[in-house]
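Chain by chain, the residues:
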Amino acid sequence: MTVKPFEKKIWLSSPTMHGDEQKFVKEAFDTNWVSTVGPHLAELEKTAASYVDMPYGVALASGTAALHLAVKLAGIKPGENVFCSDMTFSATVNPVSYEKGKQIFIDSEYDTWNMDPTALEQAFKLYPDTRVVMLAHLYGTPAKLDEILSICKKHKAILIEDAAESLGATYKGKQTGSFGTYNIISYNGNKIITCSGGGMLFTHDEESANKARKWATQARENAPWYQHEELGYNYRMSNILAGIGRGQYLHLEEHLAQKRSIYERYQKGLKDLPLTMNPYIKGQMEPNFWLSSILIKPEAICQQVRGEKEGRYVKEKGKSCPTHIMETLAKYNVESRPIWKPMHLQPIYLNNPFVTKEGENKTTDVGADIFNRGLCLPSDNKMTPEQQDTIIEIIKECFK
Ligand SMILES: *Cc1c(COP(=O)(O)O)cnc(C)c1O
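Residues numbered from 1 in each chain as written. Predicted model: local features only at pLDDT ≥ 70, side-chain atom pairs only at ≥ 80, totals over all residues. Heavy atoms only, no water.

Caption draft 1: Representation of the site of the ligand in the model. Surveying the vicinity of the ligand reveals 15 residues, the closest of which are Thr-64, Asp-162, Glu-165, Ser-186 and Lys-191. In this structure, Gly-198 approaches the ligand through a main-chain N or O atom, which is 3.5 Å from an oxygen atom. Starting from 380 Å² of accessible surface for the ligand in isolation, the protein chains cover 93%. If you list the elements that add at least two residues to the shell around the ligand, you get helix H3 (63-73) and helix H4 (90-98). In terms of residue count, H3 provides more of the shell around the ligand than any other element does, three residues in total. Looking at the shell around the ligand residue by residue, the classes come out as four nonpolar, eight polar and three charged. (Near = heavy atom within 4 Å. Polar contact = N/O pair within 3.5 Å; in protein donor to acceptor, adjacent residues only side chain to side chain. Areas by Shrake-Rupley, 256 points an atom, 1.4 Å probe, with all protein chains shown as cover. Helix = DSSP H or I, 4+ residues; strand = E, 2+ residues; numbered from the N terminus. Nonpolar A, V, L, I, M, F, W, Y, C, P; charged D, E, K, R; others polar.)

Caption draft 2: Quick peek at the sheet that holds strand S7 (residues 174-175). Read across the sheet, three strands follow the order S7-S6-S11 without closing on themselves; strand pairing throughout is antiparallel. The sheet is open, and its two borders are formed by S7 and strand S11 (285-286), each paired with just one other strand. Two elements, strand S6 (residues 170-171) and S11, share two bridges in a ladder whose sense is antiparallel. Paired with Tyr-171 across the strands is Met-285, a residue of S11. (Pairing = 2+ DSSP bridges.)

Caption draft 3: Quick peek at helix H2 (residues 39-52). The terminal C-alpha atoms of H2 lie 21 Å apart, and with 14 residues this matches the ideal 20 Å at 1.5 Å per residue to within 8%. Its buried side turned inward, H2 meets helix H1 (20-30), strand S1 (56-60), S7, strand S9 (199-203), helix H7 (206-216) and helix H8 (239-249). Immediately downstream of H2, the backbone of Asp-53 shows phi near 65°, a positive value. (Expected span 1.5 Å × (residues − 1). Contact = heavy atoms within 4.5 Å.)

Following this line, the structure appears as structure tokens:
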């Protein structure tokens, strides 16, 4: 194959600005609303909440801060168990530790790569008093929400949705980020839209939204001096960044369409290879296609081992593996990324329980299997179809 490395790096997913963002930022400067108070904040909260059809939004410095305040609103106490998605970014589950709660990791299923409802049901058998379920929608594909919600209802637990990756994705026509009691999205730089950094917490009642806003601004009481009855945080978003967010929302539909066509182009281009794309249930869910990913068929995986910090493989004819593809793409100046390494395999969480569809004895481990065979492909919406076709050719070459 005679392909030269790309001159400009092809990113997994990078910010895409349009000019509208700068107009809102200029407005913030011109009116001197450059700090954590100002009209863009209220407008962004309104736009974000109405987009997902939630009554209240609270603009925060990050999705992680939003998750922390969701955990606080849920009232997690030290030592309390929380059922958490296992295959996700650590930011989903770390806030449970901020409140000294304990994560119980729930295995994934193959249909959407999200929390397996059967494993969740098993977990309630083992830990029946659990009150909170923390659910992420991986790579923008909604989880099996009907099943998960009905299990939560049966066990009188509440759902916190981590929709950081799935803004714009719908389940049975309803936006992710609107199913739980407290829900969050992220505006980190690599997400489908960005504020440069930021997040939004959604609630159903004004009281919770006000509580979160108060906690996020150092928990000042209504007094002439700095009066404190509760622990506060410096978690509020800046009005400048809220301006960027307002500009980005004007282009969200465009980003969604671009991400979808990237997914479809990979699906078509890679269809003859021994792999499948990150799956979703057609007719039931519309992902936002934030990251296009692949899962290599077991029979096409070459010998590989992964230690704690590095991966090795032996290339075999007709076979490949995530590390091989990732290293090959990197040679062409293309970024790709392994699937999130499941939390139950992370040194920091090795002592936390892990529940699969078979209970607590680890005979199956769907998350580990997807991690071993999966890879996130470059899904940047500024990648041209021609560039993507070259990337597809490079991947094909890996299986020769
Ligand atoms: C990005 C991300 C977060 C964290 O959002 P930040 O805004 O970066 O703090 C949380 N959960 C998931 C699943 C994410 O992908």
